[in-house]
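Survey of secondary and tertiary structure
Here is what each chain is made of, one letter per residue.
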Amino acid sequence: MEQKIVDHLFRHQYGKMVAILTKLFGLTNLEIIEDAVQDTFLKASLKWRNQLPENPEAWLTQAAKNRVIDLLRQLNVQKERIEKTVHGSIAREINEYFLDHEVEDSQLRMIFVACHPSFSQKEQIAFALKSISGFSMNEIAAALLLKEETIKKRLVRARKKIKEVNITLSYPNPEEVQERISGVLHIIYLIFNEGFHSTKQDQLISKDLCGEALRLCKLLLVKENFRTGSTYALFALLCYHSSRLDSKTGNGEIIDLKHQDRSKWYLPLILLGNDALHKAMEFEDRSVYHFEAAIAAEHVKAIKFENTNWKKIIALYQKIYEIMPSDHVLLSMASVYLQINELTQAASALNRINKESLSQRIYLYHGCYAEYYEKAGEVQNALQEIELAIQLCSNQHEQHYLKKKKSRLLKK
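Residues numbered from 1 in each chain as written. Predicted model: local features only at pLDDT ≥ 70, side-chain atom pairs only at ≥ 80, totals over all residues. Heavy atoms only, no water.

The subject of this paragraph is the packing of aromatic side chains. Per the stated rule, a full pass over the model turns up 13 aromatic pairs. Measuring from centroid to centroid gives 5.4 Å for Phe 119 and Phe 127, while their planes differ by 45 degrees, and the two rings are tilted. Relative accessible area serves as the criterion here: at 4%, Phe 119 is assigned to the buried category. When the centroid spacing of 5.5 Å and the interplanar angle of 20 degrees are considered together, the rings of Tyr 369 and Tyr 373 count as stacked. (Phe/Tyr/Trp six-rings, centres within 6.5 Å; stacked < 30°, edge-to-face > 60°. Buried < 20%, exposed > 50% of the residue type's maximum accessible area, 1.4 Å probe, protein only.)

Below is the structure:
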């Protein structure tokens, strides 16, 4: 139980702690700060085995701050500044840095630092997932479908640029805000996706990560100059998906969309999503998030799976493909065509996919082909594809789901 609490706090507190300590000690010490925060959580997991502190969040914050000061002293970095921080008059102001609005402001600044134009887009995403949401190297590699060594190199380059360009924890100039917003939204989208469809072997969803993405997106909407149609559309999309989290699993097993108990879908989040999507349309900008949110809205408004407006969903996917052609979109389109038994169109979409580009999601391609062959009455081909999907799937829950489908096919 204690470890679960530590893990939960890690997801909710890591980014906050890194952001506020960076405000205190500067971006040039970011690597030290991240190590200190990691060390603090490790210490907490050991110390809390027998008894939890009265206020775990306060304990973590104070312990992290003390650890950073210790490390900076050991390295003899900014010695004079540290002495003033600890012993001088500025010590009275430190507590103000940890007030909720100051923490949120620091995190927002950190998000925009991650999207600094000096970083390549690849460096931006790796930096953000590490520094804002505390992803491990393995998690970042899985989320971006890359090798850990590649991620390490990107983080090293990003940290080097912080010192070379003298990047500070500050907001971009007003004329640069819109340019950076798209990068910020992409990062939030990736964080949510890792929670909604986890790449971990033993975990299908992570509500903590989904909640973190929602919180970060909401932080942007609090400030008027960060509000865009795309920001509202992404928030709507996250609300719709989050409303279905409790129905995605049951008794440790995956429940597909067709068989989910729709009475479990959380209405307040659906209504929040509706409101956000309505506001998104009041802005001039249009993005993929608008269409993805519109697709999610079609799902949540359908009283039953059979009432889903698949024709409209296909049209929306076609809009997405026009804006952002990708094999992942083709795979989604193929899956929708199968729902309405348009097998020719499904096969056409599947045949256009370069399956290798799907990387760790390649099993979904074979799973979709299995469904196609099943509907076409080609059971042997369906069995071959479902077996490939099982072999290529790393998540235990999804493997179990695919094996159940295979058992059903064997009875045909």
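As a further point, take the packing of helix 7 (residues 121-131) against helix 10 (residues 174-196). Two elements in contact, helix 7 and helix 10, have axes whose closest approach is 10 Å; the angle formed by their N-to-C orientations is 55 degrees. As judged from the angle between their axes, helix 7 and helix 10 are oblique. Considering only the axes of helix 7 and helix 10, their crossing is right-handed. Side by side, helix 7 and helix 10 meet where Gln 124, Ile 125, Ala 128 and Leu 129 of the first sit next to His 186, Ile 187, Leu 190 and Ile 191 of the second. Across the contact of helix 7 with helix 10, the residue classes break down as 6 nonpolar, 2 polar and no charged. (Axes fitted to C-alpha atoms, helices over the stretch in contact; angles between N-to-C directions. Helix = DSSP H or I, 4+ residues; strand = E, 2+ residues; numbered from the N terminus. Parallel < 35°, antiparallel > 145°, perpendicular 65-115°, else oblique. Left-handed = near helix turned anticlockwise from the far one by under 90°. Contact = heavy atoms within 4.5 Å. Nonpolar A, V, L, I, M, F, W, Y, C, P; charged D, E, K, R; others polar.)

With 14 residues, helix 15 (residues 310-323) extends 20 Å between its outermost C-alpha atoms, agreeing within 8% with the 20 Å of an ideal straight helix rising 1.5 Å per residue. Three or more residues of helix 15 are buried, namely Trp 310, Ile 313, Ile 314, Leu 316, Tyr 317 and Ile 320. Angularly, the buried residues of helix 15 cover 165 degrees about the axis, an arc narrow enough to put them on a single face. Away from the buried face of helix 15 by more than 90 degrees, exposed residues Lys 311 and Glu 322 are located. Looking at the buried positions of helix 15, the neighbouring elements they touch are helix 14 (288-301) and helix 16 (327-339). (Expected span 1.5 Å × (residues − 1). Arc of directions from axis to C-beta.)

The tally for this structure, following the rule as stated, stands at 16 salt bridges. Salt-bridge contacts for Glu 34 lead to Lys 130; the nearest nitrogen and oxygen are separated by 3.7 Å. Highlighted residues: Glu 34 in helix 2 (residues 30-47) and Lys 130 in helix 7, separated in sequence by 96 residues. Accessibility classification places Glu 34 together with Lys 130 in one group, the buried group. Three or more residues joined by partner-sharing salt bridges are found here, namely Glu 31, Glu 34, Lys 130 and Arg 159. (Salt bridge = Lys/Arg side-chain N within 4 Å of Asp/Glu carboxyl O.)

In short, the description is geometric, and any link to function would need to be established separately.
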